[in-house]
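# Architecture and fold: a report
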Amino acid sequence: MSISIQNVSRRFGNFQALSDVSLNVPSGSLTALLGPSGSGKTTLLRIIAGLETPDTGTVLFQEEDVTEKAARDREVGFVFQHYALFRHMTVFENVAFGLRVRKVAKDIANARVKELLSLVRLEGLGNRFPSELSGGQRQRVALARALAMRPQMLLLDEPFGALDAKVRQELRTWLRKLHEEMHVTTVFVTHDQEEAFEMADQVVVMNHGKIEQIGTPQDVFDHPATPFVMDFLGNVNVFHGRVKAGRVELGPFSLAYDAYTHEEPRNATAYVRPHELEIDRVATATSLAARVLQVNPAGAVVKVRVFAEEYGVELNIDLIRDRAAVLRLQSGDTVYVHPKTARVFMPEPEYAI
Amino acid sequence: MHLSARQTRIAGRHVANEPLWLRILLIGISGIVVTVLIIVPLVYVFVQAFGNGPAAWWAQLVKDRDTQHSIFLTVVLAPVAVLLNTIFGLAAAWTLTKFRFRGRVLLLTLLDLPFAVSPVVAGLCILLVYGMQGFLGPTLREWGMPVVFSWPGLLMATTFVTMPFVARELIPLMESLGSDEELAAVSLGASRWQLFWRITLPNIKWGLLFGIIQCHARAIGEFGAVKVVSGGIGGQTDTMPLRVEKLFQEYNNPGSYAVASVLTLMALATLAARILLERWTEYQLAAMSEEKEG
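Residues numbered from 1 in each chain as written. Chains lettered and ligands numbered in written order. Predicted model: local features only at pLDDT ≥ 70, side-chain atom pairs only at ≥ 80, totals over all residues. Heavy atoms only, no water.

## Thoughts on the nonpolar core
Formally: Take the buried residues of types Ala, Val, Leu, Ile, Met, Phe, Trp, Tyr and Cys, join any two whose side-chain atoms come within 4.5 Å, and each joined set is a nonpolar core. Note on classification: 1.4 Å probe, protein chains only; a residue is buried when its accessible area is under 20% of the maximum for its type, exposed when over 50%, partly exposed between these limits. Runs of H or I in DSSP of at least four residues are treated as helices and runs of E of at least two as strands, each being numbered from the N terminus. Any two residues whose heavy atoms approach within 4.5 Å at even a single point are treated as in contact.
Among the nonpolar cores identified, the biggest contains 46 residues, and Leu143(A), Leu154(A), Leu175(A) and Val203(A) are the most heavily contacted of them. The element contributing the most residues to this core is helix 4 (residues 135-147) of chain A, with six residues. Contact partners of Val203(A), with chain neighbours within four places excluded, come to Ala32(A), Leu34(A), Ala196(A), Phe197(A), Gln213(A), Ile214(A), Gly215(A), Pro217(A) and Val220(A). In this structure, Leu44(A), Leu51(A), Met206(A) and Ala185(B) belong to the second largest nonpolar core, which totals 40 residues.

## A closer look at empty space enclosed by the protein
Quick note on the threshold: Cavity: a set of points on a 1 Å grid over the protein atoms alone where a 1.4 Å probe fits but cannot get out. Pocket: an open set with protein on both sides within 12 Å along at least five of seven lines, its lining residues, like those of a cavity, having an atom within 4 Å of a point. Grid points are joined across faces, edges and corners, and a volume is the space filled by probe spheres set on the points. Each residue is assigned to one of three groups, with Ala, Val, Leu, Ile, Met, Phe, Trp, Tyr, Cys and Pro labelled nonpolar, Asp, Glu, Lys and Arg labelled charged, and all others, Gly among them, labelled polar.
One pass over the full model with this rule turns up four cavities of 30 Å³ or more. Reported here for the largest cavity is a volume of approximately 70 Å³. Lining the largest cavity are Arg87(A), Lys98(B), Met174(B), Leu177(B), Gly178(B), Glu181(B), Glu182(B), Thr200(B), Asn203(B) and Ile204(B). When residues of the lining of the largest cavity are traced back to their parent elements, those giving at least two are helix 10 (164-177), helix 11 (180-187) and helix 12 (192-221) of chain B. Take the lining of the largest cavity: its biggest share by element is three residues, from helix 12 of chain B. Here the residues of the lining of the largest cavity sort into three nonpolar, three polar and four charged. Residue lining of the second largest cavity: Glu75(A), Val76(A), Gly77(A), Arg102(A), Ala146(A), Met149(A), Pro151(A), Ser187(B) and Leu188(B), and that is the complete set. A breakdown of the residues in the lining of the second largest cavity according to their chemical character gives five nonpolar, two polar and two charged.

## Examining the sheet that holds strand 7 (residues 153-157) of chain A
Residues and elements named next belong to chain A. How we decide: Any two strands are treated as partners once DSSP identifies two or more bridges connecting them. Angles run from 0 to 180 degrees between N-to-C directions of axes, and those axes are lines fitted to C-alpha atoms, restricted for helices to the stretch in contact.
Read from one edge to the other, the open sheet built from six strands follows the order 6-7-8-3-9-10, with strand pairing classed as mixed. Among the strands making up the open sheet, the edge pair consists of strand 6 (76-79) and strand 10 (210-215). Between one strand axis and the next, the sheet turns through 15° on average, direction left out of account. Packing of helix 1 (residues 41-49) onto the sheet brings it into contact with strand 3 (30-34), strand 6, strand 7, strand 8 (185-190) and strand 9 (202-207), and relative to strand 7 it is tilted by some 150°.

Function cannot be inferred from these measures alone, as they are strictly geometric.
Right, here's the structure in full:
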């Protein structure tokens, strides 16, 4: 079932949680709402579930306007950030809850719960109470409970936020697989860009109650629409310079920039990711001299921090291990840095009246 | 319930550090105070009540019609007051924890008023409003529903004095439970009614029971407010505490002590119930906090 959000706004007292947000979630897709805390992503998710009402705007499921529809009639599976398991019920009764309140015949309900418990690999734990489970197990109970009514869509609020790194990784992979098997339209909220990129078909980046960008993970990562998206998606080096006649000049660097071909120069900001900076031992005409501050070889890439005295900027650079082995950097070494590529943003020109 | 667990832990740490003489001194002082103020009078009530044997004690309770009626009145009135305060307490706690509205803090403060105001003043207020000289009294009398010097007044006074117990117990509990489980239930299709019976009530039942027990203990023993509105009509508006006083004033000490001993037994039963409940809730809280940590 597809979801369509149209011009939704929501205010809490003086805080504008969402302002004029529109979004389409295709049927059967897995969409991530990505943003920092306070960006409105959880509010948006709750509005889709009907747990929160928008001040203005509409929510459509397929063609049907559900804005006024009560949460219990929306047939949405919702997984809460802290699972919100019913602490006085066993795992079995937790999963069965939706079936019980809808008066599904007992034998059908029990069979369905058994099936779900095996789906989330919790067979044999039906008689436990939530307090007797690990974090990962609770998360899976919450998921099974949300799936019990065979919902048209599944909404997850920071589903892996409270889990440790290893369990989180396992559950991500598992949930992605589950989604491929069931094809239920899924929306999840996260502040972790890695999680969003790894799981989602569609990533929605939010900030200050607005949507900054919607796209596939590849799209969003390679072509960030705004400086915020660029900055939010991991470590980034910022350069200030000018654009002019199809090129961007950033201190000693000069790169092609087709988007601006006018002769009149304009101020611009360029963002370069750590892996897009190249280090050399010898100087070229367009490279920047810098002193190595720190080399951190622990990890898949070697992280280097350098300081360019001429401009007073500190840069973060990721080197692949082979390259690092060739360069054999020591802190204190003088090196020459240049960007392979950069993403340029021009501030809106200010017109004087 | 939370407090008692924490207090024991703090006490344990202190005892380990303090010098022996201080320990003995402090324990001695507490022991003396408890003995003089609580144990001796308590035992004395029973000694006096049962001084002439259980048969005489029983006779004191049964042979006097007014005493009989006072027991009946208390045993009926107290549970009704508790029932009213349970319904009110649930409604108030629900309102105050689930909604944010103008005047919320005021309502929260007013809820404590019955504890702050002297019971005699509370009784007097009822007298002034519903009494024959009050502005509602004559009308109610015409309708055949007199409040003062009759059981509705007693019920009103008892309910007023015991009003905060249930609500006060539930508000912090419901605040700490939050609304996540309830939202989860709603998203799973529960109606309001199902939500209350299947989620809210099971989560607050021990706190609720605790509040009810405290409320009941206070309702049985209430004297001041009830004294003012009762008018002391023997066999009609005398509750047990009032009866104890009246018998005592009439120099009927055996009768007075017999009724007092019954009241004390009720109090001890309440205490026992409280202790059992505290043990149980501590166990429940431990399970709860464990769940939160994960």
